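Secondary and tertiary structure notes
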Amino acid sequence: MVTLPRVLVAAPASGHGKTTIAVGIMAALARRGLTVAPAKVGPDYIDPGYHALATGRPSRTLDPFLVGEGSIAPLIARGATHPTPADVAVLEGVMGLLDGRLGADGFASSAHVATLTRTPVVLVVDISSTSRTVAATVHGLATIDPALDVVGVVLNKAGTPRHGDEARRAVEGVGVPVWGVLPRDAAMHVPSRHLGLVPAAERGEAAATLDHIATVAEEHLDLDALLGAARTAPDLDVRPWDPAAALAPAATAPQLAPTPTLPEVRGCPTTLPEVRGLPTTLPEEVVKRPSRRESPVVAVAGGRAFTFRYPETVELLEAAGALVAEFDPARDDTLPEGTSALYLGGGFPEVHARVLATNRPLVEQIRAAVADGMPTIAECAGMLYLAQTLDDHPMIGALPARAAMGRRLTLGYREAVSLADSILGPAGTRVAGHEFHRTTTDPPSGTPAAWDLGGRSEGFALDPAGTGRATLVASYLHTHWAGSPSVATSFVDAAQEWRLCARQPGAGSAANQGLSGDPTSGDVEPRGSTHQRSPQRHPRPGWPPTHTLTDPLRHHGDAEVSDDLVDLAVNVRLAQPPSWLASALVDELSRVAAYPDAAAARDALAARHGLAREQVLPTSGGAEAFTLVARALTPRDAVVVHPQFTEPEAALRAAGHEVRRVVLRAEDGFALTEAAVDEIGDADLIVIGNPTNPTGVLHPAPTLRALARPGRVLLVDEAFIDAVPGERESLLPGDLTGILVVRSLTKTWAVAGIRAGYLAGDRDLVATLAAHQPHWSVGSLALRVMTETATPQALAEAERAAEETGRWRAHLLAGLHDLAVPTGGEDAPFVLAQVGDGAHESLRSAGWAVRRGDTFPGLDRTWVRIAVRDPHTIDGLLRELGHTLQHRRTA
């Protein structure tokens, strides 16, 4: 018997905000000091990641189809008692309250789980497109099934307080209490991807978003009423689910399992003794468990690319006698020591394909281990990782298949029967699972396939080492091992056999020896070999380039990029514009038959900065602004402060002006020192960046303003200032006499192909430059970008992006400093790093594009500029840079 206050958060349909509200409730209750046990109805992996972030505990998946009706309450009890007792449980539903397996009358729905566990239901209803009519929806859901106990409602996305009050009165009129009305709030939005939400582990700002959601929940929800309803839930008359008990046969005395027969595998013995796990209710002295020294190591893929895994998987592996060691395929260049089996679960390798592919030592080690017969399970993402290619990016190559993103989403429950003897059990083993993917493989299955899904073959069951059974099972099928625990036993048995076989005289292990080579070309050393060699790093064809740069000033980061390289050379933040901006651009296409009119954009930009309309000039990116300066002004002593973006100097020289360089020194932190100001002297045109590209230094605004004087034009390139939280040290607004500021919108909003920028500053200077601007040089799409990104909502989003970039930059800087790499400033969406001569080429050879530094005046070949990316990508770069630096130190 388990006493557990609990509620289930459900909704009329998907998209009403139940994940956000459920996570907010969890986090708000945790703030009160309560221990919250989270759970999720349905086969989802992503929502439980946010649950864990909110509560600090693993979320239990409650799916009657996957684990059976009889396991639902025990799994809730497990979550409430392990690792410590919980005060309350919050369950998040799936889809609509009554929606479950198709054709099964709501089986595996939220309502099904609520009735199985007698859990009170809280409804979350989106009222953004309704008001009083919501009462009918709530009334219907509250009365449709007498077994359901709908105890309260949360109304979500109210447009105004008046709107929310109208809906509240209507719902309360049908007898259901309203526990809160939440306003529309973009900051509570959790971004989505092709398979749903972006996993919490991949979102650097997830903790900050969670904190905001918790604050909103505290402010707008009646948590006391919710807790009161949760305490009305009856006790769960079950024992908590226990992994050891799930594995053990129904017995009251020790039983020896049949001695497994090992296939003849390259010198291994033919039989090995083993004792299987027994129920935890037996006396401890009766239960014989392998010691840690005797336990096989099962390497489980983790990190940001492999986030799909039920907690019961690891618990069952450990109960079966395995030591579970997690590794990150993006960061770790070897498998955990002593690895005897591989579990590659689900996730998003298609998002991180280039980072995974560049980890060549690990790629080659896994390829060799799989070819050598190491027991390997690969579910969905794991299968894509083992394929030959994924969206044309080379992957491990252990499977004779190519994978690619498709247009169609494949999803649904599956009843599967194994088609071959394998490490999961004999042919005919039955499991329940689900598919959820947009990728496809060519071919769609192997010979033999892994599973029969009711007349359709799926997956691959391969025996690359000729052991007599499939040692590699790879498929799109996700399984929950609490519903088929024998799979864990069979897998750990296979891992133990591998471990003992590898220990025999003359036997080796590809995983332990770090062997490399391509199994398809015959250059993988046999398992019996004792020779060790390091994975080879092969240079990319055509690099380093044989040509010489004709004009270093015209060299830019896009020249460093190619399709087979991970791009850390270009400073564009996103892969594509935000959806709201993309929609606006699509809308603008219907108007492109007319000539562009910059008036609205000019007004929007002026209002955004608190300037007069005459102080702003839209331009075709920052590049046109520099060209206009060079054409319109006639400086007698033009100074460009370097290291600095080279386009202003290139434009000045192209217009026939002499340019004097003032170079800031690395030993001064690339700061604008008094000595540098003295060197500027009486220049009548000064060009300086803030934050400076490529150094990342953010100069104090008063220091820059002090450079302005009568008869001098101060041109400040603020192309990256919107990546600085609060745009601190910007010269906008304020006294702009003699000052011009250049801004770019292309980096933050991912519209480099549209070229959207503007000038702001001294109105007389702006008028002079406008007189030299060709008619219609700024297109309609660029002008629409300016108006859309000047709104308060867009500026708030840019601020959140700047804060996220700051966290990611800190991650990059910490990693570089751990490698003893000197760096420049710390206030830009890129980092200048002194990695040493030849490191740029070495990184490129290994699949990483960073911006070379020697084309910036004042820098040499030892410097590179690294664009800030998400920590997952950065970890891959740091891994490769560490190899490069280690090789140089030991060469």
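Above this text sits the structure in question.
Small disclaimer: the values here were computed from a predicted structure and weren't measured. Every chain is numbered on its own, with residues counted from 1 as its sequence reads. The model is predicted, so local features are restricted to residues of pLDDT at least 70 and side-chain atom pairs to those at 80 or more, both for listing and for counting; the totals for chains, interfaces and linings are taken over all residues. Here the side-chain values reflect all heavy atoms present in the structure, with hydrogen atoms and water set aside.

1. Concerning the environment of serine 129
For clarity, the threshold we go by: Working definition: helices are DSSP H or I runs of at least four residues, strands are E runs of at least two. Numbering for both runs from the N terminus.
Considering the arrangement of structural elements, one finds serine 129 in the loop between strand S5 (121-126) and helix H6 (134-143). A C-alpha to C-alpha distance of 9.1 Å links serine 129 and lysine 157, two positions 28 residues apart in sequence.

2. Focus: the sheet that holds strand S13 (residues 376-379)
We apply this condition: DSSP calls a pair of strands paired once it identifies at least 2 bridges connecting them. Between the N-to-C directions of two axes lies an angle of 0 to 180 degrees, each axis being a line fitted to C-alpha atoms and, for a helix, fitted only over the stretch in contact. Here, two residues are considered to be in contact whenever any of their heavy atoms come within 4.5 Å of each other.
One open sheet holds the 6 strands; their spatial order is S11-S10-S12-S13-S21-S20, and the pairing between them is mixed. The strands lining the two open edges of the sheet, one partner per strand, are strand S11 (323-327) and strand S20 (460-462). Within the sheet, the average angular offset between the axes of one strand and its neighbour, ignoring direction, is 15°. Across 4 bridges, strand S10 (residues 297-301) lies against strand S12 (residues 339-344) in parallel orientation. Within the sheet, the bridge partner assigned to alanine 299 lies in S12 and is leucine 342. Across the sheet, helix H11 (residues 311-319) is in contact with S10, S11 and S12; its angle to S11 comes to roughly 140°.

3. A look at the packing of aromatic side chains
Note the cut-off: Any pair of Phe, Tyr and Trp rings, taking the six-membered ring for Trp, is counted once the centres come within 6.5 Å. Such a pair is stacked with planes under 30 degrees apart, edge-to-face with planes over 60 apart, and tilted for the rest. Our definition puts a charge over a ring when NZ of Lys or CZ of Arg is within 6 Å of the ring centre and also within 35 degrees of the ring normal.
Scanning the model with the defined rule gives 9 aromatic pairs in all. Each ring, one from phenylalanine 306 and one from tyrosine 385, has its centre 5.4 Å from the other, and the planes form 65°; the classification is edge-to-face. Here tyrosine 385 lies in helix H14 (residues 381-386) and phenylalanine 306 lies in the loop between S10 and H11, a separation of 79 residues in the sequence. Relative to tryptophan 749, the ring of tryptophan 580 has its centre 5.4 Å away and its plane inclined at 75°; by these criteria the two rings are edge-to-face. Placement of the pair is tryptophan 580 in helix H17 (residues 579-589) and tryptophan 749 in helix H23 (residues 746-749), with a sequence separation of 169 residues. Taken together through their ring pairs, the aromatic side chains of Tyr343, Trp481 and Phe491 make up a single cluster. The ring of phenylalanine 830 is capped by arginine 865, whose NZ or CZ atom sits 5.7 Å from the centre of that ring.

4. A closer look at helix H7 (residues 161-173)
Here is the rule we go by: Helix span, expected: 1.5 Å multiplied by one less than the number of residues in the helix. For the exposure calls, accessible area comes from a 1.4 Å probe over protein chains only, and a residue counts as buried if that area is under 20% of its type's maximum, exposed if over 50%, partly exposed in between. As used here, the arc is the angular range of directions from the helix axis to the C-beta atoms.
Between its first and last C-alpha, H7 extends 18 Å over 13 residues, near the 18 Å set by a 1.5 Å rise per residue. For H7, the full list of buried residues reads His163, Gly164, Ala167, Ala170 and Val171. Around the axis of H7, the buried residues are gathered within 130° of arc, so they sit on the same side. Residues Pro161, Arg162 and Gly173 are exposed on H7 and point more than 90 degrees away from its buried face. Buried-residue contacts for H7 involve H6, strand S6 (150-158) and strand S7 (178-183). Backbone geometry just after H7 places glycine 175 at a positive phi near 90°.

5. With respect to the packing of helix H1 (residues 18-31) against helix H2 (residues 46-55)
Quick note on the threshold: Should an angle lie under 35 degrees it is considered roughly parallel, over 145 roughly antiparallel, and from 65 to 115 roughly perpendicular; all remaining angles are considered oblique. By definition, any crossing whose near helix is turned counterclockwise from its far helix by less than a right angle is left-handed, and any crossing with a clockwise turn is right-handed. Gly falls in the polar group here, along with every residue not listed as nonpolar (Ala, Val, Leu, Ile, Met, Phe, Trp, Tyr, Cys, Pro) or charged (Asp, Glu, Lys, Arg).
Relative orientation of the contacting elements H1 and H2 amounts to 20°, with a least axis distance of 8 Å. Relative to H2, the element H1 lies roughly parallel. For the element pair H1 and H2, the recorded crossing hand is right-handed. Here Thr19, Val23, Met26, Ala27 and Ala30 of H1 come into contact with H2, specifically with Asp47, Tyr50, His51, Ala54 and Thr55. Considered class by class, the residues forming the contact of H1 with H2 number 6 nonpolar, 3 polar and 1 charged.

6. Focus: helix H25 (residues 780-788)
Since the α-helix packs 3.6 residues into each turn, any two residues three or four apart lie on the same face. With respect to burial, H25 is a largely interior element, 7 of its 9 residues being buried. Of all the positions in H25, only Ser780, Ala782, Leu783, Arg784, Val785, Met786 and Glu788 are classed as buried. Where the residues of H25 are buried, they touch H17, helix H18 (599-609), strand S24 (616-619), strand S30 (757-761) and helix H26 (792-818).

7. Points about empty space enclosed by the protein
A probe matching the size of a water molecule, rolled over the atoms, marks out where space remains unfilled. For the record, the criterion: Site definitions follow a grid-based scheme: protein atoms alone, a 1 Å grid, a 1.4 Å probe that fits but cannot get out for cavities, and for pockets an open set with protein on both sides within 12 Å along at least five of seven lines, plus lining residues having an atom within 4 Å of a point. Grid points are joined across faces, edges and corners, and a volume is the space filled by probe spheres set on the points.
The full count for this structure, using the stated rule, is 8 cavities of 30 Å³ or more. Taken as a whole, the second largest cavity spans an internal volume of roughly 90 Å³. Lining the second largest cavity are Ile377, Ala378, Glu379, Leu424, Val431, Trp451, Val473, Ser475, Leu477, Thr479, Trp481 and Val487. Residue assignment for the lining of the second largest cavity shows that the elements contributing at least two residues are S13 and strand S21 (472-475). It is S13 that contributes the most residues to the lining of the second largest cavity, 3 residues altogether. A class-by-class count of the residues in the lining of the second largest cavity yields 9 nonpolar, 2 polar and 1 charged.

8. Points about the side chain of arginine 851
The condition that has to hold: Charge counting follows a simple rule: Lys and Arg are positive, Asp and Glu are negative, and His as well as the terminal groups are ignored. The salt bridge definition used is simple: a Lys or Arg side-chain nitrogen within 4 Å of an Asp or Glu carboxyl oxygen. Whenever two N or O atoms come within 3.5 Å, that pair is a polar contact, provided that in protein one can donate a hydrogen and the other can accept it, and provided that, for residues adjacent in sequence, both atoms are side-chain atoms.
With respect to the helices and strands, the residue arginine 851 is situated in strand S32 (residues 848-852). For the buried arginine 851, no salt bridge exists, and the shortest N-O distance to an oppositely charged side chain is 4.8 Å, to glutamate 560. Within the local environment of arginine 851, its side chain forms a polar contact with the side chain of threonine 855, the two groups lying 2.6 Å apart. If we ignore the near neighbours within four places in the chain, the residues touching arginine 851 are His555, His556, Gly557, Glu560, Leu568, Ala569, His840, Phe856, Val864 and Arg865.

9. Digging into the sheet that holds S30
Two strands in a sheet stick together by hydrogen bonds in their backbones, pointing the same way (parallel) or opposite ways (antiparallel). Spatially, S24-S30-S29-S28-S27-S25-S26 is the arrangement adopted by the 7 strands of the open sheet, whose pairing is mixed. Both edges of this open sheet fall to S24 and strand S26 (659-663), since each of them pairs with a single strand only. Strand after strand, the sheet turns through a mean of 20° between neighbouring axes, direction not considered. With 3 bridges connecting them, strand S25 (residues 638-642) and strand S27 (residues 685-689) associate as parallel partners. In the strand pairing of S27, valine 639 is matched with isoleucine 686.

10. Some remarks on the nonpolar core
Using the following cut-off: Here the nonpolar core consists of buried residues drawn from Ala, Val, Leu, Ile, Met, Phe, Trp, Tyr and Cys, with membership extended through side-chain atoms lying within 4.5 Å.
The biggest cluster of nonpolar side chains holds 116 residues, and the ones touching the most others in it are Leu29, Leu123, Leu155, Val171, Val298, Trp481 and Phe491. If one sorts the elements of this core by residue count, H1 sits on top with 8 residues. What phenylalanine 491 contacts, discounting residues up to four positions off in sequence, is Val298, Leu317, Ala341, Leu342, Tyr343, Pro375, Thr376, Ile377, Ile423 and Trp481. Counting 63 residues, the second-largest nonpolar core is a separate cluster that includes Ile366, Ala401, Val821 and Leu843.

It is worth stressing that arrangement in space is one thing and function is another; only the former is reported here.
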